[in-house]
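This is what each chain is made of:
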Amino acid sequence: MRGKSILLIIGGGIAAYKALELVRRLAERGVTTRAILTKAGAEFVTPLSVSALTGEKIYSDLFSLTDEAQMGHIQLSRSADLVVVAPATADLMAKMANGLANDLASTTLLATDKRVLMAPAMNLRMWQSASVKRNAELLKKDGVVFVGPNDGEMACGEFGPGRMAEPLEIVAAIEQALTVHGPLAGMRALVTAGPTREPVDPVRFLANQSSGKQGYAIADALARAGAEITLISGPVTLAAPQGVKLQRVTTAREMLAACEAALPADVLVMAAAVADWRPDFVASSKIKKSTDRVVPLIKLVENPDILATLAAHAARPRLVIGFAAETDDVVQNAVAKRARKGADWIIANDVSGDVMGGERNRVHLISEAGIEDWPDMTKGEVGLLLAARIAEKLKGAA
Ligand code: C5P
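Residues numbered from 1 in each chain as written. Predicted model: local features only at pLDDT ≥ 70, side-chain atom pairs only at ≥ 80, totals over all residues. Heavy atoms only, no water.

1. A few points about the overall build of the protein chain
What the protein chain contains, in helices and strands, is 14 helices and 21 strands. Along the first, second and third principal axes, the C-alpha atoms of the protein chain reach 90 × 55 × 40 Å. Residue burial in the protein chain is summarised as follows: out of 398 residues, 48% are buried. When contacts within the protein chain are restricted to residue pairs at least 6 apart in sequence, long-range pairs at least 24 apart make up 68% of them. In the form shown here, the protein chain has an accessible surface area of approximately 19500 Å², with 53% of it arising from carbon and sulfur atoms. Here the protein chain carries 45 positive and 44 negative side-chain charges, and the mean point of each set is 2 Å from the other. (Helix = DSSP H or I, 4+ residues; strand = E, 2+ residues; numbered from the N terminus. Buried < 20%, exposed > 50% of the residue type's maximum accessible area, 1.4 Å probe, protein only. Contact = heavy atoms within 4.5 Å. Areas by Shrake-Rupley, 256 points an atom, 1.4 Å probe, with all protein chains shown as cover. Lys, Arg positive; Asp, Glu negative; His and termini not counted. Charge placed at Lys NZ, Arg CZ, Asp CG, Glu CD.)

Right, here's the structure in full:
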């Protein structure tokens with residue numbers, strides 16, 4: 001857990017005092033906490049005690065100009081490894097389950113791209129009410145994890161389920177929620193995607209039609225399988241998939257440098273459409289039309305072959321996968337490419353149709369075992385299937 005960070009939302013309930021203890025227990029384990037204190041929460045614990053224990057300022061107001069200037073609510077919602085709601089009141093659960101966002105806590109819960117762990121605390125009749133039960137089911141279906149509530153005596157004198165889990169139980173639940181699951185847990189993957197852009201002058205460049213969709217889908221699928229992903233991407237308009245470390249580059253040479261810096265990795269998937277050539281000279285100012293109408297000549301030089309370089313690298317990933325975008329003799333060219341580039345697998349696709357930029361793909365997997373023809377499917381499905389095959393291969397070889 002050491003080095004991890006938690007965003008703790010403290011709701012309004014008598015159990016809020018246990019949230020202070022939770023912060024201390026987390027700090028002992030090297031976990032840093034940033035806290036959002038709801039208006040109701042501030043009726044039970046003071047901002048001063050929370051900030052003294054977290055060592056951070058407290059966030060409470062969605063419309064606070066200084067808070068927004070220093071850290072916007074969207075950034076706040078993504079800044080931690082896990083969002084923990086303790087105590088999770090019936091109100092906070094209802095808001096998240098139904099998409100309400102009228103304060104900082106509820107807005108954060110909708111905006112976050114991280115897992116949410118809730119520790120409910122409320123009167124037992126409230127906990128057993130039809131609507132709270134319904135909301136808890138909805139939240140579970142949406143992927144929210146719960147710890148507690150426990151049975152016991154309530155502050156109001158009644159006895160039954162509704163007491164917030166104890167701080168150490170919440171710590172254990174946090175530890176479990178932070179542990180990565182999936183067949184590729186503990187593995188590192190390096191994925192490239194998108195085109196590269198090779199400048200001609202300050203305003204012009206050579207590039208290609210790659211949208212990055214296939215590479216991003218593969219990074220997403222590998223991340224869902226539990227791998228730690230570095231996605232190195234040329235200029236595209238896609239957002240980083242959840243849980244993926246995205247690094248943007250422009251040219252092939254930048255992509256190579258970024259890949260080398262990201263090693264070691266267990267698997268490399270080179271889905272990027274790297275420019276084979278670049279202008280040998282980049283004009284420092286915009287090339288002008290000449291009065292005598294002489295057309296400028298752009299001389300090209302070869303770019304480094306990233307795939308071949310990494311396949312021959314001292315820190316070569318155990319599984320090196322390249323792509324072959326072909327318009328003719330797709331499989332035949334891909335088989336030759338596999339040998340020439342020293343890749344273990346080649347995913348060959350026919351790009352004579354609208355594959356580049358489109359949503360679907362029909363590929364062939366060329367490996368040591370032979371050639372497999374996959375049916376036409378979405379790029380997301382290609383990613384999932386490829387992630388499953390990678391998991392099989394790496395597990396088998398481990
Ligand atoms: O030779 P071709 O460009 O068709 O090979 C495609 C494969 O090689 C892709 O995986 C692509 O990412 C990779 N490649 C590379 N560096 C280059 C050109 C292509 O890594 N300069």
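2. Some points on the packing of aromatic side chains
In this description, a pair of aromatic rings is defined by centroid distance and the angle of the planes. One pass over the full model with this rule turns up zero aromatic pairs. Seen from the ring of Phe 146, Lys 140 lies directly overhead, with NZ or CZ sitting 5.6 Å from the centre. Arg 197 extends its terminal NZ or CZ atom over the ring of Phe 205, reaching a point 4.2 Å from the ring centre. (Phe/Tyr/Trp six-rings, centres within 6.5 Å; stacked < 30°, edge-to-face > 60°. Lys NZ or Arg CZ within 6 Å of the ring centre and 35° of its normal.)

3. A short note on a nonpolar patch on the surface
A surface patch of nonpolar side chains, about 360 Å² in accessible area, is lined by Leu 206, Trp 277, Ile 298 and Leu 300. On the basis of relative accessibility, which here comes to 42%, the residue Ile 298 falls in the partly exposed class. (Patch = residues over 30% accessible without salt bridge, like charges linked within 9 Å, V, L, I, M, F, W, Y side chains within 5 Å. Salt bridge = Lys/Arg side-chain N within 4 Å of Asp/Glu carboxyl O.)

4. Regarding the sheet that holds strand S2 (residues 32-37)
Neighbouring strands of a sheet are bound in pairs by backbone hydrogen bonds; such pairs are parallel or else antiparallel. Read from one edge of the open sheet, five strands run S2-S1-S3-S4-S5, paired in parallel fashion. Of all the strands in the sheet, the pair left with one neighbour each is S2 and strand S5 (145-146). Where strand S3 (residues 82-88) and strand S4 (residues 115-120) come together, five bridges link them in parallel fashion. Looking at the pairing, Val 84 lines up with Leu 117 of S4. Where helix H5 (residues 90-98) meets the sheet, it contacts strand S1 (5-10), S3, S4 and S5, and its direction lies at approximately 150° from that of S4. (Pairing = 2+ DSSP bridges. Axes fitted to C-alpha atoms, helices over the stretch in contact; angles between N-to-C directions.)

5. Considerations on the pattern of salt bridges
For the structure shown, the criterion picks out 22 salt bridges. Across the pair Asp 103 and Lys 95 runs a salt bridge whose closest N-O atoms are separated by 3.4 Å. Among the salt bridges present, the one from Arg 224 reaches Asp 220, with a minimum N-O distance of 3.2 Å. With Arg 224 and Asp 220 both in helix H10 (residues 213-224), this residue pair falls four residues apart, about one helical turn. The exposure class of Arg 224 is exposed, given its relative accessible area of 62%. Among the residues examined, Asp 220 registers a relative accessible area of 21% and is labelled partly exposed.

6. Description of the pairing of S3
Of all seven residues in S3, seven are buried, a share of seventy percent or more. Side chains Leu 82, Val 84, Ala 86 and Ala 88 of S3 all project onto a buried face; the interleaved residues Val 83, Val 85 and Pro 87 project onto the opposite face, where all are buried too.

7. Examining the site of the ligand
The environment of the ligand is formed by 13 residues, the closest being Met 270, Ala 272, Leu 307, Phe 323 and Lys 337. Within the contact set of the ligand, a nitrogen atom lies 3.0 Å away from a backbone nitrogen or oxygen of Ile 306. Relative to its free-state accessible area of 450 Å², the ligand is covered by the protein chains to the extent of 88%. When residues of the shell around the ligand are traced back to their parent elements, those giving at least two are helix H12 (306-311), strand S16 (319-326) and helix H13 (330-341). (Near = heavy atom within 4 Å. Polar contact = N/O pair within 3.5 Å; in protein donor to acceptor, adjacent residues only side chain to side chain.)

8. Examining the nonpolar core
Grouped together as the largest cluster of nonpolar side chains are 35 residues, with contacts concentrated most on Leu 184, Leu 222, Ile 229, Val 269 and Ile 390. At the level of secondary structure, the elements contributing two or more residues to this core comprise strand S8 (188-193), H10, strand S11 (228-233), strand S13 (267-270), S16, strand S17 (345-350), strand S19 (363-367) and helix H14 (379-397). Once residues within four sequence positions are removed from consideration, Ile 390 is found in contact with Leu 184, Leu 222, Val 267, Val 269, Leu 319, Ile 321 and Trp 345. (Core = buried A, V, L, I, M, F, W, Y, C linked by side-chain atoms within 4.5 Å.)

9. Points about the domain arrangement of the protein chain
Entries for the protein chain in the domain assignment read domain 1 (5-178) and domain 2 (188-397). Relative placement of domain 1 and domain 2: their C-alpha centres are 42 Å apart. (Domains from an automatic or database assignment.)

10. Points about unusual backbone geometry
A negative phi holds for most residues other than glycine; trans holds for most peptide bonds. A cis geometry characterises the amide bond from Ala 86 onward to Pro 87, with omega recorded as -5°. Structurally, the position occupied by Pro 87 is in strand S3. Here the residue pair Leu 263 and Pro 264 is connected by a cis peptide bond, since its omega of 5° sits within 30 degrees of zero. You can see Pro 264 is positioned in the loop between helix H11 (252-262) and S13. The backbone phi angle of Arg 293 is positive, close to 60°, even though this residue is not glycine. With respect to the secondary-structure elements, Arg 293 resides in the loop between strand S14 (277-279) and strand S15 (300-302). Unusually for a residue other than glycine, Asp 329 sits at a positive phi of about 40°. Within the fold, Asp 329 resides in the loop between S16 and H13.

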